[in-house]
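Notes for the structure review
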Amino acid sequence: MLNLVARSSLVMVGTAKKLPKVNIAIVGSSRKPYRPACTAEDMVDGKIEKNIVKDSAMEFVTAVLGTLIADACPRLCGYVYSKIRNSFRFQLNFNDLESHMNLLTELRSQVETELDESVWTTQVRGWLLEVQGIEGEVNSMNGSIAARNQNCCGGILNRCMRGGELAERLKKVQRIHSVGMSMVAANRRERPAEHIPDLMTEDQTTEVEHIPGPSVEDQATAVGHILRPSIEYQTTAVEHIPAPSIEDQTTASLILAKLMNLLNDDEVGRIGVWGMGGVGKTTLVKNLNNKLRNDSSTRPFGIVIWITVSKQLDLARIQTQIAQRVNMGVNMNESTESVASKLHQRLEQQNKFLLILDDVWEEIALDALGVPRPEVHGGCKIILTTRFFDVCRDMKTDAVLKMDVLNDVEAWELFCQNAGTVATLEHIKPLAKEVARECGGLPLAIIVMGTSMREKKMVELWKDALSELQNSVPYNIKGIEDKVYKPLKWSYDSLGNNIKSCFLYCSLYPEDFSIEIRELVQCWLAEGLIDKQKNYDDIHNRGAAVVEYLKDCCLLEDGHLKDTVKMHDVIRDVAIWIATSVEVKYKSLVRSGISLSQISEGELSRSVRRVSFMFNRIKELPDGVPLCSKASTLLLQDNLFLQRVPQGFLIAFQALKVLNMGGTQICRLPDSICLLHQLEALLLRDCSHLQEIPPLDGLQKLLVLDCCATRVKELPKGMERLSNLKELNLSCTQYLETVQAGVMSELSGLEVLDMTDSSYKWSLKRRAEKGKAVFEELGCLEKLISVSIGLNDIPFPVKKHTWIQKLKRSQFLMGPTDCEIDKTTKFNERQVIFISLNYLSKEWDILWWLTNATSLALISCSGLDKMVETLAMKSVHCFGCLKSLTISHAQITFGPEEAWGARNDLLPNMEELKLKYVLGLKSISELVARLGLKLSKLRVLKVFDCYSLDYLFSCIDFSQTPNLENLEEIGLSCLYLDDLFVYGSRQTSVPSPVAPNLRRIYLDGVENLKTLGRPKELWQNLETFLASECKSLKKLPLNSQSANTLKEIKGELWWWNQLEWDDDDTRSSLQPFFNERGAP
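Residues numbered from 1 in each chain as written. Predicted model: local features only at pLDDT ≥ 70, side-chain atom pairs only at ≥ 80, totals over all residues. Heavy atoms only, no water.

The name given to the protein in an unreviewed UniProt entry is Disease resistance protein, and the organism recorded there is Vitis vinifera. Comment text from UniProt for the protein, heading Sequence similarities (unreviewed entry), reads "Belongs to the disease resistance NB-LRR family." (UniProt positions renumbered as here; feature names shortened; annotations may be inferred.)

Structure below.
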């Protein structure tokens, strides 16, 4: 324990009273307190005391002379003034130097005590040498001062000639002390709090008397953690923070510009900057800080406070740093609550201030910290940087900016800056570019990698580095592990155990690979990372939540395809490093996506837990491999040339929980698969040659069986024993002929049955073939929540099958499937598709399906005009669930004499309407009138190949004009369509558009269409306009203001050139948005 007892008695300078006496003793330290060669006491006791009066008189004369000279020569005045100023402050600076040297000596002892010599860094050693050096300089200066005081003019000469030197020494001591304090603080953050010795106990006090007079120039901090007197010093509004410039980085410069704009926005008080570790967040805000300092026109703040928070949140340390920055004294014995109260009062008095919190890992309560809330204190702004989006949420940021990686050009420039000219040598440059590309645009990795390759001119060294990077094993590259992997691992360390395992699982997939979230969740479930007792929806919701959390932590990012994720290349390398050399319980063998042609048996061992050989060129698997008794996952999918799995291969993996062999050319699974009694997920998707699966009765723990797009003709034997099976995927099984009777009803745990686009059609019991499963069996599955099947018949009456109403998701396709089917819709929660059915047959209950379906498709059905009439005349209630209606390949004809129509809107919530190959209709208004449709919620309208259609809607009768205010997208491909909307003669001059919020319009082959609206009508919200083969269309409802919302106009160049504009400004403003159709 270091104990510091300080007593100081300070008096006015320049009087005949006794000069200051400072006694500082360090208790419990073997090192003696710093003793200057000439102390303040020595200057009073002895001969020097006799010169005080004489010195004061000479000072007055000097001051008068200085004034006279100033009138004659400004330059000489400045010189003399500085000397006089330093002479007046000589005694005060001398006393301060003595005090700070004692503190610095004490801090040196503290550093030597707290920091073990074996772990001293270059910075620590350099600091200790600097302390030793300044100690010698101060002693030498004090000796010289003492010697000069021996003559009569010594006191005056000391004050005039040595005053400036004394002030410089004081500044240097303060700077060295500040650096030392930072090292101690950094060391403490890395150690448990209980190991940090207290610097003061309750019974120790610090007495500091206020000294009237000017403070030391540029003094930015108080004495520090060891002694913090309540003395206010002058501070600069913004302190310069050394940082590399981002001026050459377009991406970062844009974010910096956005930050500056947000600082000027009165509605934004809290700003979050987030992104993965090493992406440049700290560099960005340092540049912001320096921009605020250097540019006098961008100084809206009285003070900018920079705080580095770091992983271990230390509220007291942050409070101390803020207090020092605003010159507020803090007693070491004060509680954080007391300090928070004082800080709050002090900051409330500050008109405008900016608090930058760098490297935040968790929420910081502003009230507990003592910082006024920006919504209360209008002059307060807060910027925080973090790796976690959740921190931005918790801190209630008003605006969030994500820091993305560098683009290829920026990455190459940064790499060359660090690698030097060697990277541009002709024989090195191709390899150097590949090495830079492997860093994935992450500045931290680029800097470390570039520096490690500096001055290396041998091609072999670059090839070796590239090979290690591509194989995710760059352990031999200097600095990679310590400077890149370990800092990035901190994000991993913050995760919970199960989420850690979920994250590492993603590294089994190849570099830059888009991983289906659905597949990830299946694997996590089988590995026990998600509670198996949850139902299917809860499991997938939990999986989606884990994925989003990892994305918010910048450990995953969106994949190239919908509902996929991928890992950044460097993050994946870190994950592989952790899984192969750090975490024994997740030890993985990752050889995915590296063009392997065979498996190296020597790499397999008993200790490995997860194995990935996916996405390679493996043709054969060894018949016998070393026993991998702990391996829970084996990924072999997407080995396109693999045709056979030997019996002995799977025997080595008897603890498997996940086996993925999808995307291979295997024709049959080996019988040894039945020995994998722990298997919970068997994934065979896209095994397009797989015809036979051996009996699976030994896999009673199986939860997921995916046979999508295989050639299986019947379900494997023993299926009825898989009572734990939750998900069965038989979609796209075009060769499936038989589902044995009684099998499905035994799968008591089944929750999801997907037979979309399967050739097997379910029949009702009364019409089923002997030995085949019937539709009624599905009613026995009490846990079933999702079904997608095809039926030969329409269940009638539907009320008998009450289990259908309990389903959360369903797709029932009823009728033959020998015609084109468009099932794409986002409203697929309860989708019903009728194919080639005749409404007049009276064998189906359209009302029940309309009442319960969210999406209805009528394909190649006859009698639809009669169906519409029946619905309009007899329906009492509307069909509120239906949100999507598709009519395809149908004839609908309404006679002109027919004036009937529904009294109410039968489809009040319809958001999507699709018509394809519908003949007989002259306009959609005919259908609208018969069904009483208002279309107030319609968002998407698609009309294709309806050759009898002359126009879409009639707006002649205002009372029957559809309400299209929510319509956002129109897609048209109708050869003979003349107009979108038809108006009465009195409406042609009305400029308000029928669909004011239209954002996207796609026109293909609409050759007769000449205009899109009335003259002067403008579509101000249009974002995308695509046209193809629209030779008659010569005018668009756009003007120069449309450039504010427009994103793209696409069409043939000849079409663009023939367009007519109201003025040249419109064409020139829209020209940048035009892209030629078919152009690269």
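Having seen the structure, we can now continue with the description.
1. Considering the overall build of the protein
A count of helical and extended segments in the protein gives 29 helices and 33 strands. Here the protein holds 1080 residues, and 52% of them are scored as buried. Considering only residue pairs separated by 6 or more positions, the protein has 67% of its internal contacts joining residues 24 or more positions apart. (Helix = DSSP H or I, 4+ residues; strand = E, 2+ residues; numbered from the N terminus. Buried < 20%, exposed > 50% of the residue type's maximum accessible area, 1.4 Å probe, protein only. Contact = heavy atoms within 4.5 Å.)

2. A word on the nonpolar core
By size, the foremost hydrophobic cluster in this structure holds 151 residues, and its most contacted members are F653, F834 and F1025. At 5 residues, helix α26 (residues 864-874) tops the list of elements feeding residues into this core. Apart from residues no more than four positions distant in its own chain, F1025 is found in contact with I1001, L1003, L1012, L1033, L1036, E1048, I1049, K1050 and W1055. (Core = buried A, V, L, I, M, F, W, Y, C linked by side-chain atoms within 4.5 Å.)

3. As for unusual backbone geometry
With a phi angle near 60 degrees, D512 is a residue other than glycine that sits in the positive phi range. Along the chain, D512 turns up in the loop between α19 (497-506) and β9 (515-516). When its relative accessible area of 37% is taken as the criterion, D512 is described as partly exposed. The backbone phi angle of C732 is positive, close to 60 degrees, even though this residue is not glycine. The topology assignment puts C732 in the loop between β18 (727-729) and β19 (752-754). Exposure remark for C732: the relative accessible area of 34% places this residue in the partly exposed category.

4. A word on the packing of aromatic side chains
Evaluated as defined, the whole model comprises 19 aromatic pairs. Relative to F389, the ring of W274 lies with its centre 5.1 Å away and its plane at 55 degrees, an arrangement referred to as tilted. In this pair, W274 sits in strand β4 (residues 270-274) while F389 sits in helix α13 (residues 389-394), placing the two residues 115 residues apart along the sequence. Residue classification places W274 among the buried residues on the basis of a relative accessible area of 8%. Between Y947 and Y976, the aromatic rings sit 6.4 Å apart at their centres with planes inclined by 65 degrees, giving edge-to-face as the arrangement. Here Y947 is found in the loop between β26 (940-944) and β27 (951-954), whereas its partner Y976 is found in the loop between β28 (969-973) and β29 (979-982), with 29 residues between them in sequence. In this structure, K433 is placed above the aromatic ring of W412, and the distance from its NZ or CZ to the ring centre is 5.4 Å. (Phe/Tyr/Trp six-rings, centres within 6.5 Å; stacked < 30°, edge-to-face > 60°. Lys NZ or Arg CZ within 6 Å of the ring centre and 35° of its normal.)

5. Notes on the environment of V704
Along the chain, V704 turns up in strand β17 (residues 704-706). Looking at V704, the relative accessible area reads 2%, which means it is buried. For V704, the residues in contact, after removing those within four places along its chain, are Q522, L525, E680, A681, L682, L683, L725 and E727.

6. Looking at the pattern of salt bridges
Tallying each qualifying case throughout the model produces 43 salt bridges. As a salt-bridge pair, D367 and R373 come within 2.4 Å of each other at their nearest N and O atoms. Put simply, K726 and E751 hold a salt bridge, and the shortest N to O gap is 2.9 Å. On the criterion of sequence distance, the pair formed by K726 in the loop between β17 and β18 and E751 in the loop between β18 and β19 is long-range, its members being 25 residues apart. Look at K726 and you get buried, because its relative accessible area is 10%. Residue classification places E751 among the buried positions, given a relative accessible area of 4%. What emerges from the salt-bridge pattern is a single network uniting E911, R939, K942, E968, E969 and R1000. (Salt bridge = Lys/Arg side-chain N within 4 Å of Asp/Glu carboxyl O.)

7. What to know about the layout of surface pockets
Empty space within the second largest pocket amounts to approximately 1,300 Å³. R518, D563, D754, R809 and N828 are, among the 33 residues lining the second largest pocket, the residues nearest its centre. Listed by contribution, the elements that provide at least two residues to the lining of the second largest pocket are α20 (517-526), α21 (536-552), β18, β19, β20 (786-791) and β21 (809-814). Top contributing element to the lining of the second largest pocket by residue count: α21, with 4 residues. When grouped by side-chain class, the residues that make up the lining of the second largest pocket number 7 nonpolar, 14 polar and 12 charged. (1 Å grid on protein atoms, 1.4 Å probe; cavity = no way out; pocket = protein on both sides within 12 Å on 5 of 7 lines; lining within 4 Å. Points joined across faces, edges and corners; volume = space filled by probe spheres on them. Nonpolar A, V, L, I, M, F, W, Y, C, P; charged D, E, K, R; others polar.)

8. Some words on the sheet that holds strand β10 (residues 557-558)
Pairing is antiparallel in the open sheet, where 3 strands are placed in the order β9-β11-β10. Lying at the two open borders of the sheet, with one neighbouring strand each, are β9 and β10. As judged from the 2 bridges shared by β10 and strand β11 (residues 564-566), these two strands associate in the antiparallel manner. For E557, the partnering residue across the bridge sits in β11 and is K566. (Pairing = 2+ DSSP bridges.)

9. Looking at helix α22 (residues 569-582)
Given a rise of 1.5 Å per residue, 14 residues ought to cover 20 Å, and the 19 Å separating the end C-alpha atoms of α22 matches this to within 8%. The buried fraction of α22 amounts to 11 of the 14 residues, a majority that puts the element mostly inside the structure. All of the buried residues in α22 are D569, V570, I571, R572, D573, V574, A575, I576, W577, I578 and A579. Lining the buried residues of α22 we find α15 (429-438), α16 (443-452), α17 (459-470), α18 (480-493), α19 and β12 (588-590). (Expected span 1.5 Å × (residues − 1).)

10. Observations regarding the side chain of S758
The topology assignment puts S758 in the loop between β19 and β20. Here the side chain of S758 touches Y760 through a polar contact of 3.3 Å, landing on its backbone nitrogen. Dropping the residues within four chain positions of it, S758 is found in contact with L730, C732, T733 and L736. (Polar contact = N/O pair within 3.5 Å; in protein donor to acceptor, adjacent residues only side chain to side chain.)

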